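# Examining the three-dimensional arrangement
For reference, the chains in residue letters:
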Amino acid sequence: MDLPINKNRPLIMHVDLNSCFATVEQQANPLLRGKPVCVAPYTSGNGCVISPSMEAKRFGVKVGMTVREAKMLCPDAIILHPDPPKYRAVHLQFKTIFQDYSPHVTPKSIDEAVIDFTDVVGLHKRSLEDIGKEIKRRMRSEIGEWISCSIGIGTNRFLAKTAAGLVKPDGLVTITHENLMDVYSKLTLIDICGINTRYQARLNAYGVFSPLDFVSASLQKLQNQVFKSINGYYWYTRLRGWEIDAIDFGRKSYGQSYALHEFTNNPRELSRLLMKLTEKMGRRLRKAGYCASGIHVSCLYLDGTHWHMGRKVSQKLYTTSELFKKAQLLLNRQPEWKKVTHLAVSCYDLQDSNDNQLDLFETDMQKKRDLSNAMDSMNDRYG
Amino acid sequence: MTETINEKVSVVAVYNRDNKSFLPQRLKWQGRVYNISKLGYHHTQKLGRILHHIFSVTDGNLAFRLNLDTEVLSWTLEEVSDGLTN
């Protein structure tokens with residue numbers, strides 16, 4: 001198979017808020033504007049920077065660094081706690097703006113969205129670049145003057161995202177079949193979204209050293225030698241500008257995790273935390289109308305090691321108590337009670353909660369579910 | 001530096017029917033009056049069934065985070081920041 005480069009008009013737009021959390025904090029507090037700001041769940045030295053502002057990035061601060069490292073690079077950095085309701089409000093505002101241009105808006109994360117203009121391009125009597133400029137203007141006037149975004153336009157989601165990453169902050173770049181090779185020639189393999197050091201090593205082993213080598217590699221080479229899977233076909237298609245990523249995978253699991261402030265191996269404290277996480281996860285599960293038949297617990301330890309275990313169960317787990325009992329049984333099976341830094345619980349194998357098989361012995365199942373729903377309603381009412 | 005305050009405060013707010021805006025204009029905290037010069041961001045948040053309006057505002061020297069509880073119609077000064085490093 002020899003697939004040509006997609007020469008259709010680029011109709012996919014990727015919008016990415018620049019340094020989202022830090023920028024929103026600078027929008028809310030004008031005194032922080034123009035200053036290096038880092039948002040971190042913990043402001044202590046070991047806290048992890050989840051969003052540095054553009055000013056902090058100029059000092060070399062990157063996502064994933066510890067607060068201590070950020071402070072070493074930029075002693076004047078202002079470290080802030082995250083404020084998720086504020087970020088959600090901004091997310092909803094920009095989603096509303098995007099939906100004015102197309103009904104096909106797919107949020108990719110809290111600060112990224114894809115707008116598909118394929119079905120509505122005839123309604124807009126102007127170019128996507130003009131729409132992109134208008135979106136930027138509207139974000140400034142309707143959300144806040146400090147909010148900026150990078151916009152990428154391409155024939156598929158991959159190229160649109162790549163284009164959005166080319167000029168930051170406040171970029172607007174279109175990748176067409178005419179400049180595609182030029183764009184690839186300026187990138188390295190790990191600049192490509194989805195390729196990191198291990199894939200790079202694998203590609204290098206088969207003589208692919210640059211995105212240009214990657215795009216000129218044959219399908220047989222990618223599928224049978226480099227990736228040894230269907231992924232080779234996906235990359236072959238994606239790199240040529242054909243859409244392969246417009247798939248809604250649907251919800252497969254619900255989970256909660258927590259990075260402990262004070263590391264502990266105390267079973268009672270871990271059990272208490274597991275209960276809290278399970279309650280949060282269970283409420284989301286029930287609100288979406290699901291029950292689960294699988295449960296998974298994972299721990300990250302202070303010595304850097306990791307343990308996790310998942311189990312499928314015959315019973316349908318719905319109430320917090322049902323979920324917690326199974327999660328606790330898994331946690332008890334840790335080979336060693338080492339100090340935990342990060343605890344996570346998730347449930348999977350989701351099914352519709354109304355699709356009940358009556359149990360011969362568990363006769364009060366419906367009562368327990370009603371009680372659980374009543375408790376959720378009380379929590380919704382009183383917080 | 002950001003300080004958590006969580007104190008009830010007196011606030012003068014104005015609703016403008018022309019641009020349909022509702023903005024706090026003046027704030028009295030610990031006997032001092034601060035004239036609010038700029039709204040940074042406004043968002044809402046539900047705690048239980050109660051809707052709270054959060055106004056992030058500044059008087060030019062300090063930034064304030066004000067919370068309007070729509071159930072009891074009280075204003076709480078949640079945070080004060082001088083925009084300097086912590």
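Please read these numbers as outputs of a predicted model, since none were measured by experiment.

## Some thoughts on the side chain of His52(B)
Residue and element names in this part refer to chain B. With respect to the secondary-structure elements, His52 resides in strand E6 (residues 50–58). A polar side-chain atom of His52 sits 3.0 Å from a polar atom in the side chain of Asn67. In this structure His52 touches His43, Thr44, Gln45, Leu47, Asn67, Leu68 and Asp69, once residues within four positions along its chain are discounted.

## Quick look at the sheet that holds strand E3 (residues 51–52) of chain A
Residues and elements named next belong to chain A. A sheet is described by the order of its strands in space; here 3 strands give the open sequence E3-E2-E4, paired in mixed fashion. Strands at the two margins of the open sheet, each flanked by one partner only, are E3 and strand E4 (78–80). Relative to E4, strand E2 (residues 37–39) is paired through 3 bridges, and the arrangement is parallel. Bridging from a neighbouring strand, Val37 pairs with Ile78 of E4. Running over the sheet, helix H1 (residues 20–28) touches E2, E3 and E4 and is turned about 120 degrees from E2.

## Here we look at the environment of Ser56(B)
Tracing the backbone shows Ser56(B) in strand E6. Here the alpha-carbon distance between Ser56(B) and Leu66(B), two residues 10 residues apart in the chain, equals 6.4 Å.

## Regarding the domain arrangement of chain A
Residues and elements named next belong to chain A. In terms of domains, chain A is made up of domain 1 (1–178), domain 2 (187–238) and domain 3 (253–382). A C-alpha centroid distance of 27 Å is found between domain 1 and domain 2. Counting residues at the interface gives 8 residues for domain 1 and 10 residues for domain 2. In this assembly, domain 1 packs against domain 2 so that about 770 Å² is buried in total across both faces, 73% of it on carbon and sulfur atoms.

Cut-offs used in this document
- Residues numbered from 1 in each chain as written.
- Chains lettered and ligands numbered in written order.
- Predicted model: local features only at pLDDT ≥ 70, side-chain atom pairs only at ≥ 80, totals over all residues.
- Heavy atoms only, no water.
- Helix = DSSP H or I, 4+ residues; strand = E, 2+ residues; numbered from the N terminus.
- Polar contact = N/O pair within 3.5 Å; in protein donor to acceptor, adjacent residues only side chain to side chain.
- Contact = heavy atoms within 4.5 Å.
- Pairing = 2+ DSSP bridges.
- Axes fitted to C-alpha atoms, helices over the stretch in contact; angles between N-to-C directions.
- Domains from an automatic or database assignment.
- Buried area = accessible area lost by both parts, 1.4 Å probe.

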